[in-house]
Structure formats: structure tokens, C-alpha cells
Amino acid sequence: MSANQSPAGKQPTATYDSAFLKACRREPVPHTPVWFMRQAGRSLPEYRKVREGVPMLESCMRPDLVTEITLQPVRRHGVDAAIYFSDIVVPLKAIGVDLDIRPGVGPVVERPIRTRADLARLRDLTPEDVSYVTEAIGLLTAELGGTPLIGFAGAPFTLASYLVEGGPSRNHENTKALMYGDPRLWADLLDRLADITAAFLKVQIEAGASAVQLFDSWVGALAPADYRRSVMPASAKVFEAVAGYGVPRIHFGVGTGELLGLMGEAGADVVGVDWRVPLDEAARRVGPGKALQGNLDPAVLFSSRAAVEAKTDEILTAAADLEGHVFNLGHGVLPTTDPDALTRLVEHVHTRTAR
Ligand SMILES: Cc1c2[nH]c(c1CCC(=O)O)Cc1[nH]c(c(CCC(=O)O)c1C)Cc1[nH]c(c(CCC(=O)O)c1C)Cc1[nH]c(c(C)c1CCC(=O)O)C2
């Protein structure tokens, strides 16, 4: 190990010692670190400008654009971590699934996956399928200095929901029909997706990502017993596959108050919490040995500065006794959010928690 290398491998010491990675490891921090899910995106005029005329999926495959878009919120807001600009469906596109991301809609799959024959269309992901990810992360880590880069992927349940429904869904009825009606096929589908997801996260870590987040955005639609039986084994397989790298693993979903304990148990080092459960109560549900991430309601950013600060202070108070806290929103930045409100929020959290 050379002098400027960390115990965690090839990342620079400044990155290893960043407030974000320290909080994930539950070590003392100089201030509570902050980043925002969907911090890169339509809330930023500079994002809308570089995306002009470039379809979403194409932008994810261009290392120059990925690098620029990932850096934009770091420059503008001074957040404590960058999140790699991509989408949860990128690895599926990379293995040849016929899908697209429609503006204002989200991912749409031409031929949904619902039978055993359909399952054969999901082949393994190799690093060559996503060489643009390796290239972009190389460019990014060179630019980021001591700011850590978070890699991410969609969790098997949330990916399955898009694949089975064929697009965004409120009730996930086709997904649940498969889960309850053909548990063997469902288990095989989730296992396939776990392998693809694990391979995609490995590419990002090996290229230089300092942490990874598994987005199980829609898993809050399930009761705990069904989560434990039908989803947790696949998510646990993903976490286990990347455990050896020693980078923090974050696990996030929306409406997951009843699942927080199980989501930690699946293998996360950090559990993401939406705004429906206060962080002190979330800590009781998750139990010791894990950090928490969250949990300001993204809609609060549409209220007055005083109201944003009051809600933020409530969260910081609830987080005061946590073993590790990464400040974030309870879900992604809404596209019409005033970016200045986000910049002020970063400053406020840093000032309020400076030690
Ligand atoms: C469920 C999900 C998706 N994608 C993602 C999730 C999990 C996170 C969550 O729960 O919000 C993950 C995601 N998607 C995107 C990021 C970028 C990194 C970041 O957080 O800054 C991340 C982390 C870019 C994106 N992914 C998408 C956009 C908007 C498309 C655009 O800017 O043209 C961005 C910036 C498209 C997308 N892709 C998806 C949706 C629901 C949408 C929005 C559809 C719309 O409102 O237009 C699927």
C-alpha cells in the first residue's frame, strides 16, 4: 500500500477519509455529509442544456456527457458525494433488452418478461457490455479529487417490476401475479437479475466507485413476509457478491417503513429511509451496526427557506444519536425544485453539524 492509498484499495486517502465514507463506516465526521438522490437532472439548467437533443439512454452511454452531468451538482451545490449519472435500466439495455426511457414516463419495455421462454432473453452482463461505464468512471475519479463517487444499480424487485409490467406501474399487478402465481419462475427471474446487478456493481467498483447504492424504489409495495420470502434472497445475493470490496453498500426504497429491518439484514451497511419514518425510530427498526441515510421529504423544498431549515433541524435532532448519518432526501429531487434551495440546504446541514 503506497502512502496515498487507503486500506480499501485503490481510492486516494482523501476520498477514503471523506465525511461521506466516514459516516457510512460509522466513524466520527467533521460535519454530517449530504448528497441528493437525483441530484443530477432536470432541476439544473446546465443539465437541461447539455441534454438538449440527446435521448436519455444515449446520454448514459457517452462518457463525456456522463462525466459532465455527474460533476454538475458537485460543482454547484458542494455536495459530499457524486452519484454516477446513469439509470437503473442501463444494464438491461446493455444485454439487449428492448427498452427505452420515455420523457415524463420512465422506462418502457417493448416485450415484457412474463414466461420461462422470456427469461432466456436475460443473458449475463460482461464488463465489455458496459465499457463506457468503466471509461466514464476513470474520467470522473480523475476530476473528483477527494469527493467520493457512488455507483448504483436497481434491485432485482424494482427491475423485475419494469420488466414484467412493461413500464411504470402503480399497483405492480402483473409482477405480483407472477410472484404469487409462479414462485419458481419468479425466483429464477430475481436470481438472474441479481447476477446482472452484481456484475454491473462490480464493474463500477473496479473502475473506482467508492460506495454503491442498490435502489429498490418500489419494494415498499410488499408486506414483510413476502419481502423476506420472495425478494430478500436475491437482494442479499447482490450485497454478498460485492462484500469483498469493502466499499459501503447502501440500500434504499420508498414506503419501506415496515421493511427497514429486513433491508438492513439483506446485507446493507447503510439503510436509506424515506420521510415517513423519523430517523430515531428508523434506527430502532434497523438495529445497531448500520448507518442511516435520509430523510427530508423532497416536496418540503417547495416551501419557505425557514420551513426547509426547521424540517431539516428536526431530522438532524432525530439523527443526533445515530451511529452514522448521511443526510439526503427521502426520495429523488423533484424536477421543478429550485436548485438554489438545494445549495442552501447543503450549507445549512454543514453549518448546523460542524464539529
Ligand atoms: C425507479 C428509478 C428509475 N431510475 C432510477 C430509479 C431509482 C431511483 C428512484 O427511485 O427515483 C435511478 C436513477 N435515474 C437517474 C439517476 C441519476 C443519478 C442521480 O441520482 O443524480 C438515478 C440514480 C437519472 C434519470 N433517469 C431518468 C431521468 C429523467 C430523464 C431526463 O432527464 O430526460 C433522469 C435524470 C428517467 C427515469 N428513469 C426511471 C424513472 C422513474 C425516470 C423518470 C421519468 C421521468 O420523469 O421522465 C427509473
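Since this is a predicted model, take the numbers as computed values, not measurements. (Residues numbered from 1 in each chain as written. Predicted model: local features only at pLDDT ≥ 70, side-chain atom pairs only at ≥ 80, totals over all residues. Heavy atoms only, no water.)

Looking at the chain, pLDDT values average 96 and 97% of them are 70 or higher. Confidence estimates for the predicted assembly give a pTM of 0.96 and an ipTM of 0.93. (pLDDT = per-residue confidence, 0-100.)

Examined against the element boundaries, Pro-30 turns out to sit in the loop between α2 (19-24) and α3 (45-51). Each C-alpha atom, one on Pro-30 and one on Gly-246, is 22 Å from the other, the two residues being 216 residues apart in sequence. Residues contacting Pro-30, with those up to four places away along its chain left out, are Ala-19, Thr-353, Ala-354 and Arg-355. (Helix = DSSP H or I, 4+ residues; strand = E, 2+ residues; numbered from the N terminus. Contact = heavy atoms within 4.5 Å.)

This part is about the pairing of strand β5 (residues 106-109). Sheet topology note: the strand β4 (residues 99-102)/β5 ladder contains four bridges and is antiparallel. Residue pairing for β5: Arg-102 is matched across the bridge by Gly-106. (Pairing = 2+ DSSP bridges.)

Here we come to helix α8 (residues 131-144). Over its 14 residues, α8 runs 20 Å from end to end, which matches the ideal 20 Å to within 8%, given 1.5 Å per residue. Those residues of α8 that fall on the buried side of the exposure criterion are Tyr-132, Val-133, Ala-136, Ile-137, Leu-140 and Leu-144. On an axial view of α8, the arc spanned by its buried residues comes to 125°, and they lie on one face. Elements in contact with the buried residues of α8: α4 (56-60), α5 (63-77), β3 (82-83), α6 (90-94), β6 (149-154) and α11 (183-207). One or two positions beyond α8, positive phi appears at Gly-145, with a value near 60°. (Expected span 1.5 Å × (residues − 1). Buried < 20%, exposed > 50% of the residue type's maximum accessible area, 1.4 Å probe, protein only. Arc of directions from axis to C-beta.)

Between helix α9 (residues 156-165) and helix α10 (residues 173-181), whose axes approach to 8 Å, the crossing angle comes to 110°. Taken together, the axes of α9 and α10 lie roughly perpendicular to each other. Judged by residue contacts, Phe-157, Ala-160, Ser-161, Val-164 and Glu-165 of α9 engage Glu-173, Asn-174, Thr-175 and Leu-178 from α10. Looking at the contact of α9 with α10 residue by residue, the classes come out as four nonpolar, three polar and two charged. (Axes fitted to C-alpha atoms, helices over the stretch in contact; angles between N-to-C directions. Parallel < 35°, antiparallel > 145°, perpendicular 65-115°, else oblique. Nonpolar A, V, L, I, M, F, W, Y, C, P; charged D, E, K, R; others polar.)

Turning our attention to the sheet that holds strand β11 (residues 325-329). Spatially, the seven strands line up as an open sheet ordered β3-β6-β7-β8-β9-β10-β11, and their pairing is parallel. Among the strands making up the open sheet, the edge pair consists of β3 and β11. Relative to strand β9 (residues 270-272), strand β8 (residues 249-252) runs parallel, the two sharing two bridges. Bridging across to β9, Ile-250 finds its partner in Val-270. In this fold helix α13 (residues 232-241) packs onto β7 (211-215) and β8, with an angle of close to 160° to the strand it touches most, β8.

Next up on the list: the nonpolar core. Ranked by internal contacts, the top residues of the largest apolar core, which has 122 residues, are Phe-20, Leu-122 and Leu-189. At 13 residues, α11 tops the list of elements feeding residues into this core. Beyond its immediate stretch of four places on either side in the chain, Phe-20 contacts Pro-33, Trp-35, Asp-80, Ala-81, Pro-148, Ile-150, Ala-211, Ile-250, Gln-293 and Val-326. (Core = buried A, V, L, I, M, F, W, Y, C linked by side-chain atoms within 4.5 Å.)

Moving on, we get to the packing of α5 against α8. Orientation of α5 relative to α8, taken along the N-to-C sense of each, is 40°, at an axis distance of 9 Å. Of the possible angle classes, the one that applies to α5 and α8 is oblique. Where α5 crosses over α8, the handedness of that crossing is right-handed. Contacts from Pro-63, Val-66, Thr-67, Thr-70, Leu-71 and Val-74 in α5 reach Tyr-132, Glu-135, Ala-136, Leu-139, Leu-140, Glu-143 and Leu-144 in α8. (Left-handed = near helix turned anticlockwise from the far one by under 90°.)

It is worth spelling out the UniProt feature "domain: Uroporphyrinogen decarboxylase (URO-D)" (unreviewed entry) in the chain at this point. The UniProt entry lists residues 33-42 and 150-166 under the feature "domain: Uroporphyrinogen decarboxylase (URO-D)" (unreviewed entry), expressed in the numbering used here. Strand forms 0% of residues 33-42 and helix 0%; the C-alpha atoms that close the span are 23 Å apart. As annotated, residues 150-166 has a helix share of 59% and a strand share of 29%, and its two end C-alpha atoms lie 28 Å apart. (UniProt positions renumbered as here; feature names shortened; annotations may be inferred.)

Only one face of β4 is buried: it carries Leu-99 and Ile-101, and the other face, with Asp-100 and Arg-102, is open. What sits between β4 and β5 in their antiparallel hairpin is a turn of three residues, with Gly-104 showing a positive phi close to 75°.

What follows deals with the pattern of salt bridges. Enumeration according to the criterion identifies 24 salt bridges in this entry. One salt bridge connects Glu-27 with Arg-25, and the closest N-O pair in it is separated by 2.9 Å. Residue classification places Glu-27 among the partly exposed positions, given a relative accessible area of 30%. The closest approach of N and O atoms between Lys-311 and Glu-314, which form a salt bridge, is 3.2 Å. With Lys-311 and Glu-314 both in helix α16 (residues 305-318), this residue pair falls three residues apart, about one helical turn. Several salt bridges converge on common partners, so that one network encompasses Asp-98, Arg-111, Asp-118 and Arg-121. (Salt bridge = Lys/Arg side-chain N within 4 Å of Asp/Glu carboxyl O.)

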